[in-house]
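Here is what each chain is made of, one letter per residue.
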Amino acid sequence: MATITLDNVGKSYAGDAMAVSNVTLDIADGEFVVLVGPSGCGKSTLLRMIAGLETITAGQVRIGNRVVNDLEPGERDIAMVFQNYALYPHMTVRQNLAYGLKNRRMDRAEIARRVDQAAGILEIGDYLDRKPRQLSGGQRQRVAMGRAIVREPAAFLFDEPLSNLDAKLRVTMRSEIRQLQRRLGTTSVYVTHDQVEAMTLADRLVVLNKGRVEQIGAPLEVYRNPASVFVAGFIGAPSMNLLAATRDNGRVMLGDVALPVAVPGQGPVTLGLRPEDLHRAPEGAEGGLDMTVAHVEELGAQRLVHGHVGGQALVATLPSDAPLADRLTFAFDASAAHLFDATTGSRI
Amino acid sequence: MIERRPLLQAAAHLVLIIGVLTVAFPVWLAIVASTHPQSAFETGLIPVWPGDQALVNYGAMFGEGLSNLGAPPLSGMLFNSLVMALVIACGKIAISITSAFAIVYFRFPFRMFAFWCIFITLMLPVEVRILPTYKVVADLGMLNSYAGLTIPLIASATATFLFRQVFLTIPDELMEAARIDGAGPLRFFWEILIPLSRTNIAALFVILFIYGWNQYLWPLLITTDEGFYTIVAGIKRMAEAVDSLPIWNYVMAAAVMAMVPPVLVVVLMQRVFVKGLIETEK
């Protein structure tokens, strides 16, 4: 159990742009932090820097109260779960679990106790003597988790551990990981590009883009008050509609429609509206958005209506029994509107 | 692809059978020849069916050899060949697996230079550098020694490349997982890499054993002491009798004995050998 502190951490490759820059983050003891972002945003690099698999070129990483910048991964008291599990193929499950303990010269009785305990927690006791290739994807995933648990480390690091599983198993394992982490109370850092995984697992989300932190906050906080256009578009499914609008005399104008949103200043602005915040309004309603429907996606519980408003794409979520037409009018509450600076992308 | 055409199948089998016969017939002749008395060859024809002198011939070859022709007993030459083949195979595997480990898993200055130096040895087999190598070995006083027989043949790149390819197929995450599990480079090498390359090592061992066993030119050149003759080079000395007819029944007995160990190695290691060549799952 320990805190993890990142202090202005950065990573640059020789002569290349920064892969990660100026990340400052305090992870509390027992906290579950999810690093999320599109591929290439530096989230895996950041995790690997905490693990010690990548060198840190700027700043400081502390685990507990120890500066670990120059420590080998094995000395950092962390355990990692990899995307492709990285189980040792020539060892049985039991040997896989015990390997890290054996290397630390722990005595046999203690190793056996910990392996049995972890096997019990993860329900993998029945195949302790099998080789990884005889296991299914989900079982391998459990073994990989077991290898982390037996170490009883200061922190768990997860590098997209569910990406190789099928959709259904992913949902089960997701909640298992969450419950397990709660139960063990181990500080965890989890990397994913899947924003649903990020929302459901995290105590706190760290949204990364191009090697920089866009926003840090609790999942709902990030969802409700995205700090930038990037976060707004990334968190939430289906993603937020981002419309180019203008400010005119304290009102937001979309084309020549005055919207029910008050804002000071002049000039262009980006208006963010979540599809689920749009609801049907009578045709010609004041401040309504008249959408030309292009196509409809049926999700079962609801339907996604894709279309255009004044030449800009718009998606709205409707109940699955809502009537459809070629033209629909949508309205929204002023509180549901997110406004962003059109040039910097930051929240107004 | 499954084709059900009896005629095609028959033709295919015919080609295969002819091929097998072509390869097997000389071997058969050698075995048959080694079972006849010397007189059987005086007609100039080689017998096709086995004779009754097998025990006598093999006994003579193992016991006394052909001392007047400069060929020591077979057992000594077989032992020399065995030592040579084993040392070459093990030495090559040891040297190339460690160099491949260095090249794949470490970033050191002049790494690519080292890589190319190893690569260049591919173009310099013993036959090409035979005179300078002989000079070096002679100056080092290694003529007529096991060291002289084996060391010049150990240094080459083929096996390094094979292991490099094997290591490249092992996912990096395995190395990273081992680092997180607290395994240093040597522990990773012994406990993860070598067990994972086991089948490749076996396959390579078979190839290199046969390569070492079949060495002809090099042992012929650097051994003048009967005690260090190897069997493949020894056969040549027997067949090259001065002022007399070669004693074919004895020569063939030696040839048959020279064939047995490589065959045994292949047969015994066939399963791992094939596995090593085709296995891809890591």
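Within every chain, residues take consecutive numbers counted from 1 along the sequence as written. Labels are handed out in written order, letters beginning with A for the chains and numbers beginning with 1 for the ligands. Only residues with pLDDT of at least 70 get local features here, since the model is predicted, and only at 80 or more are side-chain atom pairs given and counted; chain-wide, interface and lining totals rely on the full set of residues. Values shown for side chains rest on all heavy atoms present in the structure; no hydrogens or waters enter the calculation.

Time to look at the overall build of chain B. Put simply, DSSP H or I for four residues or longer makes a helix, DSSP E for two residues or longer makes a strand, and each gets a number counted from the N terminus. Helices and strands together make up the secondary structure of chain B, namely 13 helices and zero strands. The helix and strand sequence of chain B, counted from the amino end, reads α-α-α-α-α-α-α-α-α-α-α-α-α. Principal-axis analysis of the C-alpha atoms places the extent of chain B at approximately 75 × 65 × 30 Å. Classification of residues uses two cut-offs on accessible area relative to the type maximum, computed with a 1.4 Å probe and protein chains only: under 20% is buried, over 50% is exposed, and between them is partly exposed. Residues counted as buried form 41% of the 282 residues belonging to chain B. The long-range fraction of contacts in chain B, counting pairs at least 24 apart against all pairs at least 6 apart in sequence, stands at 72%. Methods summary: accessible areas were calculated by the Shrake-Rupley approach with a probe of 1.4 Å, and residue burial reflects only the protein chains presented. Accessible surface, chain B: about 15,500 Å² in total, of which carbon and sulfur atoms supply 72%. We call two residues in contact whenever any of their non-hydrogen atoms come within 4.5 Å of each other.

With that out of the way, let us pick up the environment of Tyr190(A). Residues and elements named next belong to chain A. Checked against the element boundaries, Tyr190 lands in strand E8 (residues 187–192). For Tyr190, a relative accessible area of 0% translates into the label buried. Residues Tyr190 and Glu160 lie 30 residues apart in sequence; the distance between their C-alpha atoms is 7.2 Å. Apart from residues lying up to four places away in sequence, Tyr190 is in contact with Phe32, Val33, Val34, Leu35, Phe158, Pro161, Leu162, Ile177, Glu197 and Leu201.

Further remarks concern the packing of helix H7 (residues 158–169) of chain B against helix H10 (residues 198–213) of chain B. How two helices sit against one another is set out by the angle between their axes and by the gap between those axes. Residues and elements named next belong to chain B. Geometry is summarised by axes, namely lines fitted to C-alpha atoms with helices restricted to the contacting stretch, and by angles between N-to-C directions that run from 0 to 180 degrees. The interhelical angle for the contact between H7 and H10, taken along N-to-C directions, is 160°, at an axis separation of 11 Å. Looking at the two axes, H7 sits roughly antiparallel to H10. Note that H7 runs across H10; the crossing there is right-handed. Only Asn200, Ile201 and Leu204 of H10 make contact with H7, whose side of the interface consists of Ala159, Leu162, Phe163 and Val166. Note on terminology: angles under 35 degrees are roughly parallel, angles over 145 are roughly antiparallel, angles of 65 to 115 are roughly perpendicular, and the others are oblique. Left-handed describes a crossing whose near helix is turned anticlockwise from the far helix by less than a right angle; the clockwise case is right-handed.

Turning next to a nonpolar patch on the surface. All names here are of chain B. On the surface, a nonpolar cluster with roughly 660 Å² of combined accessible area is contributed by Val27, Ile31, Met259, Val260, Val263, Leu264, Val267 and Leu268. Looking at the nonpolar patch, the element that brings in the most residues is helix H13 (residues 248–278), giving six residues. You can see Ile31 is positioned in helix H1 (residues 6–33). Like charges are joined within 9 Å and nonpolar side chains (Val, Leu, Ile, Met, Phe, Trp, Tyr) within 5 Å, but only among residues with over 30% relative accessible area and no salt bridge; these make up the patches. The rule for a salt bridge is simple: a side-chain nitrogen of Lys or Arg has to be within 4 Å of a carboxyl oxygen of Asp or Glu.

A word on the sheet that holds E8(A). All names here are of chain A. Strands qualify as paired when DSSP identifies two bridges or more between them. Read from one edge to the other, the open sheet built from six strands follows the order E6-E7-E8-E3-E9-E10, with strand pairing classed as mixed. Both outer strands of the open sheet, strand E6 (78–81) and strand E10 (212–217), are each paired with one neighbouring strand and no more. Neighbour-to-neighbour, the strand axes of this sheet turn through a mean angle of 20°, independent of strand direction. Along the sheet, helix H1 (residues 43–51) makes contact with strand E3 (32–36), E6, strand E7 (155–159), E8 and strand E9 (204–209), crossing E7 at roughly 150°.

Here we take up the nonpolar core. By nonpolar core is meant a set of buried Ala, Val, Leu, Ile, Met, Phe, Trp, Tyr and Cys residues that side-chain atoms within 4.5 Å join together. Of all hydrophobic cores here, the largest spans 88 residues; its most connected members are Leu6(A), Phe167(B) and Ile231(B). When residues of this core are assigned to their parent elements, the largest contribution, eleven residues, is made by helix H3 (residues 74–105) of chain B. With residues near it in sequence (within four places) discarded, Ile231(B) still touches Leu74(B), Met77(B), Leu78(B), Ser81(B), Trp213(B), Ala254(B), Met257(B) and Ala258(B). The next biggest cluster of nonpolar side chains, apart from the first, holds 43 residues, and it includes Ala98(A), Tyr127(A), Ala148(A) and Ile235(A).

Facing 27 residues of chain A, the contacting portion of chain B comprises 18 residues. Carbon and sulfur atoms make up 55% of the surface buried where chain A meets chain B, a total of about 1,900 Å² over both sides. Inspection of the region where chain A meets chain B yields three salt bridges. Between Arg151(A) and Asp181(B) there is a salt bridge, with the nearest N and O atoms lying 3.9 Å from each other. Note on terms: buried area is the combined drop in 1.4 Å-probe accessible area of two parts once they are placed together, counting the loss on both.

Quick look at the sheet that holds strand E19 (residues 327–331) of chain A now. With antiparallel pairing, five strands are arranged side by side in an open sheet as E15-E19-E16-E17-E18 (chain A). Single-partner strands in this sheet number two, and they are strand E15 (279–280) and strand E18 (312–319) of chain A.

Residues and elements named next belong to chain A. With respect to the secondary-structure elements, Thr187 resides in strand E8. Here Ala2 takes part through its backbone oxygen, which lies 2.5 Å from a polar atom of the side chain of Thr187. Among the polar contacts made by the side chain of Thr187, one reaches the main-chain amide nitrogen of Gly30 at a distance of 3.0 Å. Here Thr187 is in contact with Ala2, Ile4, Ile27, Ala28, Asp29, Gly30, Glu31, Ala154, Ala155, Phe156 and Gln181, once residues within four sequence places are set aside. As used in this structure description, the phrase polar contact means that two N or O atoms lie within 3.5 Å; if the pair is within protein, one of them must be able to donate a hydrogen and the other to accept it, and residues adjacent in sequence are counted only when both atoms belong to side chains.

Further remarks concern unusual backbone geometry. All names here are of chain A. Of note, the amide linkage connecting Ala237 to Pro238 takes the cis form, showing an omega dihedral of -5°. Relative to the elements of secondary structure, Pro238 occurs in the loop between helix H8 (229–234) and strand E11 (241–248). If you check the backbone angles, Asp77 has positive phi at about 60° while not being a glycine. Within the secondary structure layout, Asp77 lies in the loop between strand E5 (66–67) and E6.

In this section: the pattern of salt bridges. All names here are of chain B. One pass over the full model with this rule turns up 17 salt bridges over all chains. A salt bridge links Lys135 to Asp139, with the shortest nitrogen-to-oxygen separation between them at 3.2 Å. Highlighted residues: Lys135 and Asp139, both in helix H5 (residues 130–139), separated by four residues, approximately one helical turn. What makes Asp139 exposed here is its relative accessible area of 55%.

As a further point, take the domain arrangement of chain A. All names here are of chain A. Marked domain ranges trace back to an automatic or database domain assignment. Assigned domains within chain A: domain 1 (4–227) and domain 2 (241–341). For domain 1 and domain 2, the distance between their C-alpha centres works out to 40 Å. The interface is formed by four residues belonging to domain 1 together with four residues belonging to domain 2. For the pairing of domain 1 and domain 2, the buried interface totals around 340 Å² over both sides, and the portion due to carbon and sulfur atoms is 50%. The largest share of the area that domain 1 buries against domain 2 comes from Tyr223, Arg224 and Pro226, three residues that together contribute 91% of it. For the interface between domain 1 and domain 2, the tally reads zero salt bridges. Taken together, domain 1 and domain 2 are joined by two residue pairs in polar contact (both at pLDDT 80 or more). Amino acid classes used here: Ala, Val, Leu, Ile, Met, Phe, Trp, Tyr, Cys and Pro are nonpolar; Asp, Glu, Lys and Arg are charged; the rest, including Gly, are polar. Its residues assigned to classes, the side of domain 1 that touches domain 2 comprises three nonpolar, no polar and one charged.

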